[in-house]
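# Report on the structure
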Amino acid sequence: MRFNVLATLIGITIPQIALAIAPGPLSTSGRWIVDANGQNITFAGVNWPGASEAMLPEGLQYQSIENIVDKIKTLGMNVIRLTFAIEMIDDILETGRDVSIKDSLVKALGEKNGTKVFSNIVRHNPQFGVDTTRLQVKSLPAVKSVGMRNELRKAEDNPTLVNTTYNWRYWYRHMVENANQIHAANRNLLIYFSGLDYDTRLSPIPTGAELGNGTAFRKDDFEYADKIVLELHNYERTATSCEDLKSSLWNAGFNALDTQNSSIVNIMPVQMTEFGFPQDNTTYTDVYASCLREWLPSLQAGWMVWVIAGSYYIRKGIQDDDELWGESFSKTIREQTGN
């Protein structure tokens, strides 16, 4: 990732960014996330993908979890958004057990390459072994929140289903049901509500607008009102106007941060949990990257850039497939390890 861009994003928001978040659960107060001491927290971090075919955090064949996390911290970041595969959860629910990371790698990469990658992972992460499961790898000690669904998308091959279920009324039903289950299981977690259209739109939520059949989202209806955070994604890299981009994002849901507008009935934190661009020598100067570099810190809104991984165990049938949106970071990792 382009370090000068991230340094600007992080540097402008200090001292609001806590480089080390205090122990204990987080909650919300109005538009802010606050720690156990009541101090405002602004998340600044990175996405670490773990939802592809191998269903493991990417890059562990090149360096240890500890070293990767330390590198993230040296950038001034304080949060990691670790993605996981719904297929993995479904597998566990259906069979009653998880599978080992070696079996998962062999299934994704084949016997020879899967075994080789597993050996490299264990070499850099000796706490793992042949019996270590996927969930044990993802069992990190400082989990503060959980997202319910990444980028809700239309079933394009089933127009009837889209017409009857892809709407805000169904969104409310299922998101609230999931949030209730999460809170019942762990009352300490922040719960992230994502939007429709690839999580680019949450427009009726801040205003408490009608969602259908008399339904409206009212944060205070829930006993976990102080645990709700909104999240949006944006990849409008063809933007030609920063003002237009900011206006679009504001109306898409970032207006939930507006404490001065009486039409905003659900004031709560909003974070951009995905945005990014190729790590080349020019793209970071485009309107899109330049605009977000200034706007997000000005809002003191949390963000997680896509992506830390410089390659994937396998993607679209290609093993060790390069991720050009995380290329610079990956090169640093590989140079340090000699892999």
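Residues numbered from 1 in each chain as written. Predicted model: local features only at pLDDT ≥ 70, side-chain atom pairs only at ≥ 80, totals over all residues. Heavy atoms only, no water.

### Comments concerning a negative patch on the surface
Stated formally: Any residue with relative accessible area above 30% and no salt bridge may belong to a patch, with like charges joined within 9 Å and the nonpolar Val, Leu, Ile, Met, Phe, Trp and Tyr side chains within 5 Å. Each accessible area is a Shrake-Rupley estimate made with a 1.4 Å probe; only the visible protein chains count as cover when residues are assessed. A carboxyl oxygen of Asp or Glu within 4 Å of a side-chain nitrogen of Lys or Arg is what we treat as a salt bridge. Two residue types count as positive, namely Lys and Arg, and two as negative, namely Asp and Glu; His and chain ends fall outside the count. Each charge is placed at NZ for Lys, CZ for Arg, CG for Asp and CD for Glu. Runs of H or I in DSSP of at least four residues are treated as helices and runs of E of at least two as strands, each being numbered from the N terminus. The classification of residues rests on relative accessible area computed with a 1.4 Å probe and restricted to protein chains. Under 20% of the type maximum is buried, over 50% is exposed, and intermediate values are partly exposed.
On the surface, a cluster of negative charge is made up of Glu 53, Glu 87, Asp 90 and Glu 94. In this structure, Glu 94 sits in helix α3 (residues 86-95). Here Glu 94 falls in the exposed class, since its relative accessible area comes to 67%.

### Focus on the nonpolar core
Stated formally: Among buried residues, those of type Ala, Val, Leu, Ile, Met, Phe, Trp, Tyr and Cys that are joined through side-chain atoms within 4.5 Å constitute a nonpolar core. Throughout, a residue-residue contact means that at least one pair of heavy atoms, one from each residue, lies within 4.5 Å.
In terms of nonpolar packing, the biggest core is built from 71 residues, with Trp 171, Phe 193, Phe 217 and Phe 254 touching the most fellow members. Apart from residues no more than four positions distant in its own chain, Trp 171 is found in contact with Leu 152, Val 176, Phe 193, Ser 194, Gly 195, Leu 196, Leu 202, Ile 205 and Phe 217. Core analysis: the next-biggest nonpolar cluster, separate from the first, contains nine residues, Ile 41, Phe 43, Val 79 and Val 229 among them.

### Side note on unusual backbone geometry
In this structure, Val 307 follows Trp 306 across a cis peptide bond, with omega equal to 25°. Looking at the element boundaries, Val 307 is found in the loop between β12 (303-305) and β13 (311-315). For Asp 197, which is not glycine, the phi torsion reads 55° and is therefore positive. Mapping Asp 197 onto the fold places it in helix α9 (residues 196-199). Note on Asp 197: relative accessible area 25%, which makes it partly exposed. Despite not being glycine, Asp 320 has its phi angle at roughly 55°, a positive value. Locating Asp 320 in the fold gives a position in strand β14 (residues 318-322).

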